[in-house]
Every structure is written in structure tokens, then in C-alpha cells.
Amino acid sequence: MEEQRQITVIQTAAILVSTIIGVGVLPLPLFAVRAGESAAPLVTLFGMAVASIGLVLITWLGMRFSNKTIIQYSEDIIGKWAARLGSLLIIVFFAVLTSLTAREFGEVVVTSVLKSTPVEVTVIVMLLLAAISTRNTITTFAYIHHFYFPLLLVPILLIAFLSFKNAEVINLQPIFGNDLKGIMMGTMTIAALFQGSFILTMVIPSMRKPEKAMLASFWGMLIAGGLYLLIVVAAVSVFGAEEIKNLLWPTLELAKATSLPANILERLDAAVLAVWVTAVFTTLLSSYFFTIYAITQLFRLADHKMFSFFLLPFVFIMAMLPQNIVQMYDIIENVGRIGLYITIGYPGLLFMISILRKKRGNQNGDESMDKIG
Amino acid sequence: METNQWIKSVKLVCVMLITVPLLTGCWDQLEIDERAVVLGVSIDVAGEDAEQEESEVGHVQGAVPAPRSGMVRVGVQIALPGRIPLGPGEGGGSQEDSQQTVWVIEVVGHSINDAFMNLQQQISSKLFFGHLRVIVISEALAKKGLENVNDYFRRNSEVRRMAWMMISKGHAMGLMRAAPKLERMPTLYLMSTLDEGINLGRFPKDYLGIFWSNTSKKGQEGFLPYVEMKKEQNVEIMGLAYFKNNRMVGVTKPLEIAGYLGLKGVNPAGYSAVINLEGMDESVMTNVTQRGSKFDLQIKNGLPHFTIDVNLEVNLEEKMNDEQLIDNTETIKSIDRKQEEVSEKFYKDIIRKTQEKGSDIFGFGEYVRAKKPGYWNKRIKTKENWQRMYKDATFDVNVTVNVRRIGMKAK
């Protein structure tokens, strides 16, 4: 905590958006449509609402303990050992999330662009890139996100709006769907795509004005959720729900079916993939950074850099575990949903206990807090 | 000081060494001249003795039984990189035949991919489908079903959804070998026939991707352009080949494409029709300039009932003889009325035709699904049920025609 508090509200929002928008955008419409057919936008909205609950919880906690991350304040709230167990779960979960992100990235690249490049290479290149970048301080980390933010925003907006040319409104009707059985599951799957927002708990202690964290998370959620919603609406209105069920990555297919006016580019998938690589990079960077930062704090070390390469082999091996792409998506969906207990359930628990025990990080000195635990 | 410099140079060498593996290029490098750029593909049903003709690439002979839908004969049109004249100045248009800009090869196989693998065995460069613009399928194959074709091209990541798929009367292979005079590349000519069709209001947007989407939808069926090669190696759009699931079940007449476009209210409009004036031998020809349509859905006696209002803006283009002058509002009104009458019957006929085959290419079922979800969930729910129910659905068509202009002649 000796670092300067330099991160602004806008940077925080940018971190949230570029962390949330990642590999998930490609299969997103498929997940949503499987759950609700033409109600896919509604499912996305529900998912966004569930994810917002989690984000609000960690923002509140973060503001209550504005000098501490979740690893530290959980010890104040529920005691040292229970908190350490919780922190360990979070760390493992984010390490798994990092590896799955890298693997999903690799699968997309190998399937659609670099067909003869081994998937191991694409995965390790991406992980190396993330590992090297995590050797920076959290301020630089914020700058990286801030820098890539527009690069991520513009192409998604471009594709969505260009594809509306081929849209048919009837595909989006009825907006409540014909079949509501899968909506709960789907909501959770979509909510799981927002889990990257957990990075906020690491960012708040370095924010210049932590009291404005809620504003940042509001904007972050609004922009990221808005983009997700836009993609789903565009994909469903162009293809129709039934066709999306046939497509592994509807967003990529959408880019393929969309052309720039005057046929400057007849298909945008190559351009989109190029941008999407940056989106994946920022997501990967965040979850990787979160993992090593959390480890550092769990062991009360000062420097997180040493872990960035130490973690690499573990993450890489985990990334290589899924045997095929179908199994990989099963794992991703299941891990995501289980992860909701960690990213929403756990902060919720902390939040309630902290209110009951009237814990607050801001007024009292940190030392006295530690004793109680 | 000296050691410092030494360390510096070692560092520099290290950095340079790191970049070495990057300089080898990537696994996927494939120079443009090592690619066989496939522009068009034709797929026919292979004859009885095809199995003998097939080389043993994907499987040894006799090991795999011929698939249910029979074997396929695939023709590809590969662009010859050096031969394609770029830009003007090289004698616009092709006087030579198509054989000089493209290379047409045919193979047989058990499935589409099997055929492509047989083909790959015969040519040195790697087949590349990124520029595939036209897939021509013979009527015979379409009637057997397109499951295999759709599956292969959907799975292939190089194929674009903006390509055209069309059904040919007779053999599809002929269209690959055709050498139209207007374009240098035969497939580009095929493609522009249809693309211009869209611009002229003579054909609906029906790219490969749109066909796939329509085929997937529960309340709609796909359709494809139905083409035939004419004497001068030109291509005529003969109608819409309409499907039920993946199987072609019928073809419309060319003018019935206009019926489809009118019912869907597609713009720009472009079809002309001959109108026989009441009580006279006089005929005029009118050209539609603007179409509009509105569906209204009600459930009557437990069955969907559609009221379709079609609105046509029309220009008069031609009069066959001189008996009647077009110089007063009454005459124009009578043309309006006559065309309304004719069109109503015409539209109803097209709908009836598709109803008989249970192939709802208009997407009325999607309309039911979207607007009456309660009814849909209770009574229909699946594609098969809608195919059955479509036959019993009832339709009212109201057409409003307005002749607006009569050209440069005053009467």
C-alpha cells in the first residue's frame, strides 16, 4: 500500500470494461440463445443484473475498507484462517479462469485463422505476453487498460451497427421467448462472463478517490453490459435464434456476414479477430494480475513480480487439460457458474458479516483491526 | 568501464537472439501463389459407375458404402493467378473462353469433403475457399437433400456467408465451364447476375448465410435461385427453388419471384407485368417502382389467418395498340383496378403453391411465433408441426395499385 494512489475513476471504469469484454464475446450469443431463444437479449440483461449485484457488493466492501483488498479485509471480517481459505479459493479460481481464457483463445485462433499452428504455441505466447505485462505496477496496469479501451469499443460498435442493415426485427420477437425453461441456467452462464469485474477489489486501494468507486463500477458495468447486449441483439436479429444454435462463435460469424459500405472490406472477421486479440489480452492480463497480486498479499509480500513467471507453468498446464473443444466449453460454463459462489456469494457473505460486526476499515487504524480477527 | 561495455554488447546479442525464432515466419505461411483459389464449386449427383472412377484417397475402394444420398461429382473453378487481367487496358471483356482465366477440374467422391480431398490429391497447391463466391448445385442433388453440402460449408471457416448458392436446371458442371462475354471470370458473372438482380429489384437478397438462417428457422423454409444456362452461355434466373428442410420440393416461375418480392414488400422494385384492360383487347405493361406490404395475423377457428396488404407504386411503360388513350384519370384508375385484381389472384396462387408443398418460404410461421407466442407454444412448437399447419392456414390478400407516371408520352 506504499504505492501512490494514482488510478482515476475513468481508468477504473476502463479496467472493468476491458476486463469483462474478452473471449466471451464470441460464444456469447450462443449461450444466450441456448437459454432463451428469442429472449436472448433478456437473458443477457438478467445476467448483467446478477453480475451487477456482485459488483455492487465488492464496490461497497472496497469503499468500506478503502485501503485494503479483499484478501486483506476478509481477514478483518471473518478471521484469519477462514479468510485465508476464502482467499485461496479466489486465487485458485482466477488461476483456472486465466488458463481457460488462454485455452479458449487458442482454440478460436487455431480453428479459424492459424490452422497449422499448434494450440500450445498460441496459448503460451498469449500467457507469456500477459506474464511479462503483469510485472508492472498497478498504475501501469491501469494505463494499459485505459490505452486499449477505445480499440475495443469502436470495432464492436462498428460491427453491431453495420450488421443492423441485415437485421430482421421479427427474429427478436417474442421478447420473452417461446420457452423459458433454460433462462435461469443461461442467466448464470452470462453472469459468469462478467466475473472479470472482480479485479475492482484490487484496484480500489490504489484509486485516487476510492469514494468514487461506485461511479466507476456503474459506468464499467453499463458500458460492458451495453456492449454485450448490443452483440446479442445484433446476432439474434441477423441470424435468428435457430441458426445461432448451429454456430459455435456467432459473433465471429456476424463479422463474416458484415461488410463495410462500398465493399472496402467484404468481410470483417479478420479485422475483428485482430481487435479481439487485444480484448483477450486485457482480460487475460487482469485475471493473471489478480491471481499473482492476491498471492502476494496472502503471503504478505511486497513484490508481486516474482510470481508472474512462477505461475506460468501451472496456468499453462491447466490450459492444456481440456481434451477437446466441446469438453472445454462444458468446463468453461461449469467453472463459470461455480465461480459465481466465489465472486458473488463470498463477497455477499463478507458484506453481511461486516455489517453485523460493524467492521469498518476507514476510521480506525489497521493494526487494531487485525487483532480482533 | 570496459566490463560495462562488454555486458552491454552481450545484452544486445541476447536481445537479437530472442528475435531469431520470430524471423522464421509462422506455421501458417502460405504464399498466394501456393494457393489454389477456388472461385466456384459445382455439385452434381455422380452416376452409377462413379465408384470405379474414384481414386482411393479418403478411403480404400469398397471400404465405405456409398452414402444414402448417393455419390457426388464436384467441379471446381480455380483462378489462374497470372491470367487474370487486372484493370482496363488489356482489352476489356474476355474474347477468349473461360478456360484461360480459370481452371475447371472435376472429381467424384462419397461426400463433399471426400471429393475435395480427392481433388487435393490431384493438384499441387492447397485449396483455398476464402474467395468462394458461387456454389452451384444440380436440381437432382437438391431434391435428394443438401444436409451434407450445408454441413460442410458451414463448418469450413474460410467460406463466406455472402457467397451465393444456386440450383441449376440440369447439370451444375456446365455453369463452371461457361464463358460469358461480359466478365472475365465465369463465376463473377454468375454472381453479378444475382447481385444486380437485387439492385434492379428482380431478386431477393438470398445469400448463402440468409438461406441457412431461413432453413434453420422453425417457421420458415429456405429458397435458392434456380438458374439455367442459355445458348449464348448467359444465365437466366428461372425462378425460386423452394425447400422443405434440406430438400428441394419445387420451383416457381420467373414472374413468381415478383410475387415473392411483392408479398414481402422488398424494395427496390423492378418487375413489369402485362395488364389486359377491361372490355378491350388493349394491353399495357406496367413497371412496379415501390413495394410495401403488411401482414396481419388472426387466429380463426384455431388456425392462423393472415391478411396481407400489398401496396404497389407503378409506372406505365408500354401500350400495345392505339385504341385507348391514356389521357384521363378514369383510364388510369381502371388500370389500377385491373392490376389489383390480377395481382391478388397471382399472389394467392403463389401462396397456394407453396402451401401444397408445405414449404413456407415467406416466413408466415415466424410471424406466428413472434406475434402469437401463446398459440405457437400450445399448437405448433416444432418445425414439422408448422409445415403441416401451413397447409391449412388461410390467407386474404388485398392489393392496392397506384399508377403514378406514364413516361414521356402525353397520351
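Residues numbered from 1 in each chain as written. Chains lettered and ligands numbered in written order. Predicted model: local features only at pLDDT ≥ 70, side-chain atom pairs only at ≥ 80, totals over all residues. Heavy atoms only, no water.

Novice: Looking at this structure, how should I read the domain arrangement of chain B?
Specialist: When the parts come together, some accessible area is lost, and that loss is often what is quoted as the size of the interface. Residues and elements named next belong to chain B. Here the domain parsing of chain B yields domain 1 (32-84 + 94-251) and domain 2 (254-405). Using C-alpha coordinates to define each centre, domain 1 is positioned 32 Å away from domain 2. Facing the 28 residues of domain 1 at the interface are 27 residues of domain 2. Both sides of the domain 1 and domain 2 interface together cover about 2200 Å² of buried area, and 55% of this is carbon and sulfur. In terms of surface lost to domain 2, no three residues of domain 1 exceed Arg202, Lys218 and Tyr242, which account for 27% of the buried area on that side. Taken together, the links from domain 1 to domain 2 amount to one salt bridge. For Lys383, the salt bridge is made with Glu221, and the minimal N-O distance between the two is 3.7 Å. Elements represented by at least two residues in the side of domain 1 that touches domain 2 include exactly helix H7 (186-199), helix H8 (208-216), strand S8 (235-244) and strand S9 (247-251). Looking at the side of domain 1 that touches domain 2, the element that brings in the most residues is S8, giving eight residues. (Domains from an automatic or database assignment. Contact = heavy atoms within 4.5 Å. Buried area = accessible area lost by both parts, 1.4 Å probe. Salt bridge = Lys/Arg side-chain N within 4 Å of Asp/Glu carboxyl O. Helix = DSSP H or I, 4+ residues; strand = E, 2+ residues; numbered from the N terminus.)

Novice: Sorry, what's going on with the pattern of salt bridges here?
Specialist: One side chain can pair with another of opposite charge once the charged atoms of both are near each other. For the structure shown, the criterion picks out 29 salt bridges over all chains. Residue A:Arg103 is joined to A:Glu107 by a salt bridge in which the shortest nitrogen-to-oxygen separation is 2.8 Å. In this pair, A:Arg103 and A:Glu107 both sit in helix H5 (residues 80-112), four residues apart, roughly one turn of the helix. In this structure, A:Arg103 and A:Glu107 share a single accessibility class: buried. Each of the salt bridges in this network shares a partner with another, and the network as a whole consists of A:Glu243, A:Glu253, A:Lys256, B:Arg154 and B:Arg161. (Buried < 20%, exposed > 50% of the residue type's maximum accessible area, 1.4 Å probe, protein only.)

Novice: Can you help me understand the nonpolar core in this one?
Specialist: If you look at soluble globular proteins, the nonpolar side chains tend to sit buried side by side. Within the largest apolar cluster, 120 residues are counted, with the highest numbers of intra-cluster contacts made by A:Leu127 and A:Trp276. Beyond its immediate sequence surroundings of up to four residues, A:Trp276 is in contact with A:Gly22, A:Val23, A:Val25, A:Leu26, A:Phe105, A:Val108 and A:Val109. Core analysis: the next-biggest nonpolar cluster, separate from the first, contains 71 residues, B:Ala172, B:Ala258, B:Phe295 and B:Tyr367 among them. (Core = buried A, V, L, I, M, F, W, Y, C linked by side-chain atoms within 4.5 Å.)

Novice: Hey, could you run me through the interface of chain A and chain B in this one?
Specialist: Each partner contributes to the interface: chain A provides 31 residues, whereas chain B provides 27 residues. For the pairing of chain A and chain B, the buried interface totals around 2500 Å² over both sides, and the portion due to carbon and sulfur atoms is 42%. For the pair chain A and chain B, the number of links is seven salt bridges. Linking A:Glu37 and B:Lys218 is a salt bridge whose minimum nitrogen-to-oxygen distance equals 3.6 Å. Viewed at the interface, chain B and chain A are joined by twelve residue pairs in polar contact (both at pLDDT 80 or more). (Polar contact = N/O pair within 3.5 Å; in protein donor to acceptor, adjacent residues only side chain to side chain.)

Novice: Sorry, what's going on with unusual backbone geometry here?
Specialist: With glycine set apart, most residues show a phi of negative sign, and most peptide bonds adopt trans. The omega angle of the peptide bond from A:Gln173 to A:Pro174 is -10 degrees, so this bond is cis rather than trans. When you line up the elements, A:Pro174 lands in the loop between helix H7 (138-163) and helix H8 (183-193). Note that the residue after B:Asn267, namely B:Pro268, is joined by a cis bond; omega there is -5 degrees. Inspection of the secondary structure puts B:Pro268 in the loop between helix H9 (254-264) and strand S10 (272-276). Backbone geometry places B:Asn245, a non-glycine residue, at a positive phi of 55 degrees. For B:Asn301, which is not glycine, the phi torsion reads 50 degrees and is therefore positive. Looking at the element boundaries, B:Asn301 is found in the loop between strand S11 (283-300) and strand S12 (303-319). For B:Asn301, a relative accessible area of 81% translates into the label exposed.

Novice: I'm lost on the sheet that holds S10(B) in this one. Help?
Specialist: Within a sheet, neighbouring strands are paired by backbone hydrogen bonds and run either parallel or antiparallel to one another. Residue and element names in this part refer to chain B. Strand order in the open sheet made by the four strands is S10-S11-S12-S13, with mixed pairing throughout. Single-partner strands in this sheet number two, and they are S10 and strand S13 (394-405). Along the sheet, successive strands turn relative to each other by an average axial angle of 40 degrees, direction set aside. Pairing of S12 with S13, which is carried by eleven bridges, proceeds in the parallel orientation. Of the residues in S13, the one forming a bridge with His305 is Thr394. On the sheet, H9 packs against S10, S11 and S12 and is oriented at approximately 50 degrees with respect to S11. In the packing of helix H10 (residues 329-357) onto the sheet, the strands contacted are S10, S11, S12 and S13, and the crossing angle to S13 comes to about 145 degrees. (Pairing = 2+ DSSP bridges. Axes fitted to C-alpha atoms, helices over the stretch in contact; angles between N-to-C directions.)

Novice: Looking at this structure, how should I read helix H2 (residues 28-36) of chain A?
Specialist: Two residues of an α-helix separated by three or four positions point the same way, owing to the 3.6 residues in each turn. All names here are of chain A. Of all the nine residues making up H2, eight are buried; the element is thus mostly covered by neighbouring parts of the structure. Of the positions making up H2, those classed as buried are Leu28, Pro29, Leu30, Phe31, Ala32, Val33, Ala35 and Gly36. Buried residues in H2 make contact with helix H3 (40-64), H8, helix H10 (213-239), helix H11 (241-244), helix H12 (250-257) and helix H16 (325-356). Just beyond H2, the residue with positive phi is Glu37, at close to 50 degrees.

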